[in-house]
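Observations on chain architecture
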Amino acid sequence: MQKSKGITLYAMMIAFIGSIGGLLFGYNTGVIAGTLIIFSELFQLTLAQKANVVSILILGALIGAIGAGFISDRMGRKKTVMMSAVIYLIGGTLLTFSHSVTTLVIGRFVTGLGVGFGSLIVPLYLSEIAPTKYRGALVSTNQLMITSGFLLSFILNAVLDLENMWRWLFIVSCSFAFVQFIGMFFLPESPNWLIGQNKIDQARTILKDVRGDSDVEEVIQSVKKADEATKSSLSLTVKKTPLCVGGFLKQGLLGALVVGVGISMIQQLTGINAIFYYAPTIFREVGFITHSTAMLATISLGLINVLATIFAMWLIDIKGRRPLLLTGLSGMFIGLVSLAFCFLFGKGDLSWLSLISALFYVFFFAISLGPITWVIISEIFPLAVRGRVMSICIFSNWAMNYLVSLTFLPITKSFGGGVAFLMFALITAISFFFVYYRVPETRGKSLEEIANFWKK
Ligand code: BGC
């Protein structure tokens, strides 16, 4: 294991500015819940246009994730973070000045590109900057910011006079993006990426300043050695084609890809966004009749999500990824079965039990799949292809997000909420075994040690 002094103040500042991308991700995906009603009235949206305004962001995210993977491997992590901030700025500006359905849809699409870029590059950048010992916590800053962005959007939706002030919601988003863009000028490039580009002197200085590593030369040598091994096995490919399947298999990376894609899909297929995107609707159905009690219930979900993420950040480098994942999935299962029970037998009078079940579920999601998905996919791939392979994982994450958000309401309508939540519970149970048998423990291992693990 690499020795490091501990978390430096500089590393914390990097985590904070870098993870503003997470804040923008959470905020922009959450903000639509309140604004959709306003847009519908203002622009006389048809049902199809409404669905388009909501889902076009996810389409943008799918494309953004793929683009960011290639760009970050070629041009570096820092420039890609800056690009994501610029994309958010453009999207936010379009939305702020929207006067037609067309600008609205384009604004949401561009914002989605930003979300895709950000969801790839933020964990990747943080993971390569972090000292091994604190990597779990530092990368989880991303999830802390995602959840804070969500919560902020829920609160603003509830307290602002949206009819007259909706444009301010997007000005807020532009301000965050602007702060991140400026802040990034003062942050370093990822040392690992620099080593991969043979810019050793620059990497050495950054490793000393940021990671506080006492064994900088050892770190450089191990990153270099691991990187050269991957490059030689993928040599034909890294330059000519994006990825070579043969080389990939030779490196034993199919196992890593199965874990990365698997956990990315599980994060969505276990139903988190059925709860978050449709919380007010769900709560009304189970008995929180007024709009404000349903909104309050939704805000409490956002709050528990943030608090539990902080708890997970404390535990992730002490207990490890696997115990948290397995505990989390077990708790989520119980929460989902209990929610299903409320829908199947409640008939509108089990509102408190349903709220407690949803809070229980969100708590266990937030100590497990929430942060750890991003941590794992930023850890398990070798440097030379890390961005590109991560983009496959993130693409599958957004694709499953799209699938769930598209099908949840129709399934609920045809078969009832009880069946929908039982389905999520079944997927959660299967996921438990997937994690148990396939996901390795990465706590305390350097990124190079983890990449070597797959070759065995
Ligand atoms: C997921 C999002 C989810 C959020 C909730 C993120 O890690 O990717 O889809 O809405 O967590 O906190």
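The rules behind these values
- Residues numbered from 1 in each chain as written.
- Predicted model: local features only at pLDDT ≥ 70, side-chain atom pairs only at ≥ 80, totals over all residues.
- Heavy atoms only, no water.
- Axes fitted to C-alpha atoms, helices over the stretch in contact; angles between N-to-C directions.
- Helix = DSSP H or I, 4+ residues; strand = E, 2+ residues; numbered from the N terminus.
- Parallel < 35°, antiparallel > 145°, perpendicular 65-115°, else oblique.
- Left-handed = near helix turned anticlockwise from the far one by under 90°.
- Contact = heavy atoms within 4.5 Å.
- Nonpolar A, V, L, I, M, F, W, Y, C, P; charged D, E, K, R; others polar.
- Near = heavy atom within 4 Å.
- Polar contact = N/O pair within 3.5 Å; in protein donor to acceptor, adjacent residues only side chain to side chain.
- Areas by Shrake-Rupley, 256 points an atom, 1.4 Å probe, with all protein chains shown as cover.
- Phe/Tyr/Trp six-rings, centres within 6.5 Å; stacked < 30°, edge-to-face > 60°.
- Buried < 20%, exposed > 50% of the residue type's maximum accessible area, 1.4 Å probe, protein only.
- Lys NZ or Arg CZ within 6 Å of the ring centre and 35° of its normal.
- pLDDT = per-residue confidence, 0-100.

**Concerning the packing of helix α2 (residues 20–30) against helix α6 (residues 101–129)**
- One way to put it is that α2 packs onto α6 with a least axis distance of 9 Å and a crossing angle of 140°. It follows from the interaxial angle that α2 and α6 lie oblique. Handedness of the crossing formed by α2 with α6: left-handed. Facing α2, whose interface residues are Gly21, Gly22, Phe25 and Asn28, α6 presents Arg108, Thr111, Val115, Ser119 and Val122.
- For the contact of α2 with α6, a count of residues per class yields three nonpolar, five polar and one charged.

**A short note on the site of the ligand**
- Taken together, 13 residues sit near the ligand, with Gln143, Gln267, Asn273, Asn305 and Trp374 positioned nearest.
- At 2.9 Å from an oxygen atom of the ligand is found a side-chain nitrogen or oxygen belonging to Gln267.
- Between the ligand and the protein, one listed contact pairs an oxygen atom with a side-chain N or O atom of Asn273 at 2.6 Å.
- Considered on its own, the ligand offers 310 Å² of accessible surface; in the complex 99% of this is hidden by protein.
- Of all the elements in the fold, those that place two or more residues in the shell around the ligand are α7 (135–159), α14 (253–269), α15 (272–285) and α19 (369–379).

**A few points about unusual backbone geometry**
- A positive phi is found at Gln44, a non-glycine position, where the angle reads about 50°.
- Mapped onto the elements, Gln44 comes out in the loop between α3 (32–42) and α4 (47–75).
- Positioned with a positive phi, Asn198 is a non-glycine residue whose angle comes to about 65°.
- Relative to the helices and strands, Asn198 resides in the loop between α9 (191–196) and α10 (200–211).

**What to know about the packing of aromatic side chains**
- Overall, the coordinates contain 23 aromatic pairs when judged by the stated rule.
- Ring geometry for Phe150 versus Phe276: centroids 5.1 Å apart, planes at 20°, classification stacked. Here the residue Phe150 occupies a position in helix α7, and Phe276 occupies one in helix α15, the gap between them amounting to 126 residues. Phe276 carries the same exposure label as Phe150, and that label is buried.
- Through successive ring pairs, a cluster of aromatic residues spans Phe311, Trp314, Phe360, Phe363 and Phe364.
- Positioned above the aromatic ring of Tyr436, the side-chain terminus of Arg322 is 5.6 Å from the ring centre.

**Things to note about the confidence of the model for the chain**
- Considering every residue of the chain, the mean pLDDT works out to 89; 92% of them sit at 70 or more.
- Ranking the elements of the chain by mean pLDDT puts helix α12 (residues 235–240) last with 47 and helix α5 (residues 77–96) first with 97.
- Taken together, the stretch residues 236–242 has pLDDT below 50 and engages in nine contacts with residues farther than four places along the chain or on a different chain.

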